[in-house]
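Structural overview for review
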Amino acid sequence: ALTGHKGWKPAWRDPEPQPSYDIVIIGGGGHGLATAYYLAKVYGQKRIAVLEKGWIGGGNVGRNTTIIRSNYLLDGNEPFYEFSLKLWEGLEQELNYNAMVSQRGILNLIHTDAQRDAFIRRGNAMLLNGADADLLTTAQIKQRYPFLNTDNARFPIKGGLAQHRGGTVRHDAVAWGYARGADQLGVDIIQNCEVTGFVMENGACTGVETSRGVIKAGKVASCVAGSSSRVMEKAGMRLPIESHVLQAFVSEGLKPVLPGVITFGAGHFYCSQSDKGGLVFGGDIDGYNSYAQRGNLPVVEDVCEGGMAIFPMLGRARLLRMWGGIMDMSMDGSPIIDRTHIDGLFFNGGWCYGGFKATPASGYVYAHLLATGEPHPTATAYRFDRFNRGLMIDEKGMGNQPN
Ligand code: FAD
């Protein structure tokens, strides 16, 4: 900054769109950029473009509360999220980029005996899948998190399920790191290029119409998170997805008070403390469907009530910022990564409020599907037809839990 940023080179090129590519990815969020990176790096694919209607990192990848974890119960989910956590653990070396991957731990608080039983079951499923899980007592929690209201609370804390390898990652650095890595491997990242329609020939998808002209493609891969329904509608598809706003909040900077991430088990509230000192927190989605990237006050009140119930010192902190992002809420809370019924058109979406932690694995397994035509072994359950066949991956209170 002292040099006025003179002579700094952009971290990735700003290429003009080519008339055609082998693979076109729609959406330059974390998942789209990671897909492009692994397609080029692991699967040796060439002539790839990522088309982004706005700017890299302007969507949910730059709006989330940065939490990563692999503390799921169900077979369809846990191997995938553990694969993702392992990729996070090597990400900075892989991309040679400081993404501030911080394994400060995540703690799901327990408030009832029934909840303890459920969390023990989930912890065992995690261990069986090679993840880490640790059941903490109230005394251990008091020692590590002295500002939580453990005793005299509406919902006393009766323990917690900890995943010490969980934590936080600087979210927009993830977008920038993957963008730079993909660009260096020859991927064209084209910003300010909105996909407005699909080119269909003989029932197959052979390209996209964009605000910068028609671009032909061997394969078209949609990866637009909260815009999934609107984009796939242009191909005549109606998805099992609703769009809702999720809000997030940051307080003024405080001295260290929260060493890891905590989630309240009796209401919608979760919180971590950023390296700058701000308390980063959130809760449930706004209850109505919306494409507005901002929310309403009733949810603000609900989130703050949850926070005050468990973490009363929050009431003394001033709120610095709040914002919203559009969630692609699938009907069972789990994602879809699949080919569509239209030849040449693929889909990745339905991440609800938990897709940031999935970014590396989502990109990897989507690249696998696009390159090989087969689902990656950790993502075989994320098919469209599970809704027809009744094989929902309904991770009650976990897949559906914000963060
Ligand atoms: P995005 O960054 O939204 O990427 C999609 C891109 O597609 C956007 O850049 C958009 O501009 C582009 N696009 C849309 N339409 C078009 C078009 N027609 N043509 C071209 N481009 C288009 N997850 C966690 O795991 N942990 C958390 O702590 C967490 N907290 C969250 C908190 C909030 C407030 C929010 C909003 C989300 C949170 N999430 C969290 C969810 C997570 O952010 C998302 O699931 C994930 O980022 C979605 O994938 P993405 O990064 O590819 O999405």
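For the structure, see preceding data.
Residues numbered from 1 in each chain as written. Predicted model: local features only at pLDDT ≥ 70, side-chain atom pairs only at ≥ 80, totals over all residues. Heavy atoms only, no water.

Quick notes on the site of the ligand
Neighbouring the ligand are 38 residues; E52, N60, V61, T65 and K357 lie closest to it. One of the backbone nitrogen or oxygen atoms of N60 is found 2.8 Å away from an oxygen atom of the ligand. Interatomic distance of 3.1 Å between a backbone N/O atom of G354 and an oxygen atom of the ligand. When the free accessible area of the ligand is taken as 1,000 Å², the share hidden by the protein chains comes to 97%. When contributions to the shell around the ligand are tallied by element, the ones reaching two or more residues are α1 (30–41), β12 (241–253) and β16 (319–330). With three residues, β12 is the single largest residue contributor to the shell around the ligand. (Near = heavy atom within 4 Å. Polar contact = N/O pair within 3.5 Å; in protein donor to acceptor, adjacent residues only side chain to side chain. Areas by Shrake-Rupley, 256 points an atom, 1.4 Å probe, with all protein chains shown as cover. Helix = DSSP H or I, 4+ residues; strand = E, 2+ residues; numbered from the N terminus.)

A look at the environment of W55
Here W55 is to be found in the loop between β2 (48–51) and β3 (67–68). Spatially, the C-alpha atom of W55 lies 10.0 Å from that of I189, the residues being 134 residues apart in sequence.

Side note on unusual backbone geometry
One non-glycine residue with positive phi stands out, namely R47, at about 55 degrees. Positionally, R47 belongs in the loop between α1 and β2. Despite not being glycine, N96 shows a phi value in the positive range, around 50 degrees. Structurally, N96 can be placed in the loop between α3 (91–95) and β4 (106–110).

Regarding the packing of aromatic side chains
Tallied over the full model, the rule gives 15 aromatic pairs. Summarising the aromatic geometry, the rings of Y72 and Y81 are spaced 4.1 Å apart at their centres and angled 0 degrees between planes, so their arrangement reads as stacked. Judged by its relative accessible area of 2%, Y72 is buried. When the centroid spacing of 5.8 Å and the interplanar angle of 45 degrees are considered together, the rings of F269 and F281 count as tilted. You can see F269 sitting in the loop between β13 (261–263) and β14 (270–273) and its partner F281 sitting in strand β15 (residues 278–289), a full 12 residues away along the chain. The pair F269 / F281 is uniform in exposure class, with both members buried. Among the aromatic residues, ring-to-ring pairing joins Y37, Y38, Y43, F83, Y178 and Y364 into one connected group. In this arrangement the basic side chain of R230 is found over the ring face of Y291, its NZ or CZ atom lying 4.0 Å from the centre. (Phe/Tyr/Trp six-rings, centres within 6.5 Å; stacked < 30°, edge-to-face > 60°. Buried < 20%, exposed > 50% of the residue type's maximum accessible area, 1.4 Å probe, protein only. Lys NZ or Arg CZ within 6 Å of the ring centre and 35° of its normal.)

Details of the nonpolar core
Of all hydrophobic cores here, the largest spans 52 residues; its most connected members are I25, Y38, F80 and Y178. Within the residue set of this core, elements represented by two or more residues are β1 (20–26), α1, β2, α2 (78–89), α3, α6 (171–184) and α9 (359–372). Dropping the residues within four chain positions of it, F80 is found in contact with I337, W351, A358, A361, S362, V365, T378, A379 and Y382. Residues A49, C205, V208 and V224 belong to the second largest nonpolar core, which totals 27 residues. (Core = buried A, V, L, I, M, F, W, Y, C linked by side-chain atoms within 4.5 Å. Contact = heavy atoms within 4.5 Å.)

Some words on the packing of α2 against α9
Between α2 and α9, whose axes approach to 7 Å, the crossing angle comes to 110 degrees. Between α2 and α9, the angle falls in the class roughly perpendicular. Between α2 and α9, the contacting residues are F80, F83, S84, L87 and W88 on the first element and T359, P360, A361, S362, Y364 and V365 on the second. Within the contact of α2 with α9, the residues separate by chemical class into eight nonpolar, three polar and no charged. (Axes fitted to C-alpha atoms, helices over the stretch in contact; angles between N-to-C directions. Parallel < 35°, antiparallel > 145°, perpendicular 65-115°, else oblique. Nonpolar A, V, L, I, M, F, W, Y, C, P; charged D, E, K, R; others polar.)

Remarks on the pattern of salt bridges
Applying the stated rule across the entire model yields 18 salt bridges. A salt bridge links K86 to E82, with the shortest nitrogen-to-oxygen separation between them at 2.7 Å. Separated by four residues within a single helix, K86 and E82 lie in helix α2, roughly one turn from each other. On the accessibility criterion, E82 (2% relative accessible area) is buried. One salt bridge connects R165 with E89, and the closest N-O pair in it is separated by 2.8 Å. Of the two residues, R165 sits in the loop between β6 (159–163) and β7 (167–168) while E89 sits in helix α2, which places them 76 residues apart along the sequence. Bridged by salt links that share partners, the residues E82, K86, E89, D132 and R165 form one connected network. (Salt bridge = Lys/Arg side-chain N within 4 Å of Asp/Glu carboxyl O.)

Topic: helix α4 (residues 113–128)
With 16 residues, α4 should cover 22 Å at 1.5 Å per step; its first-to-last C-alpha distance of 23 Å lies within 8% of that length. For α4, the set of buried residues is Q115, F119, R122, G123, A125 and M126. Along α4, the residues classed as buried sweep out an arc of 160 degrees about the axis, all on the same side. In α4, the exposed residues that point more than 90 degrees away from the buried face are A114, D117, R121 and L128. Of the surrounding secondary structure, the elements contacted by the buried residues of α4 are α2, β4 and β6. The first or second residue beyond α4 is G130, which carries a positive phi of 85 degrees. (Expected span 1.5 Å × (residues − 1). Arc of directions from axis to C-beta.)

Shape is all these values report; function is a separate question.
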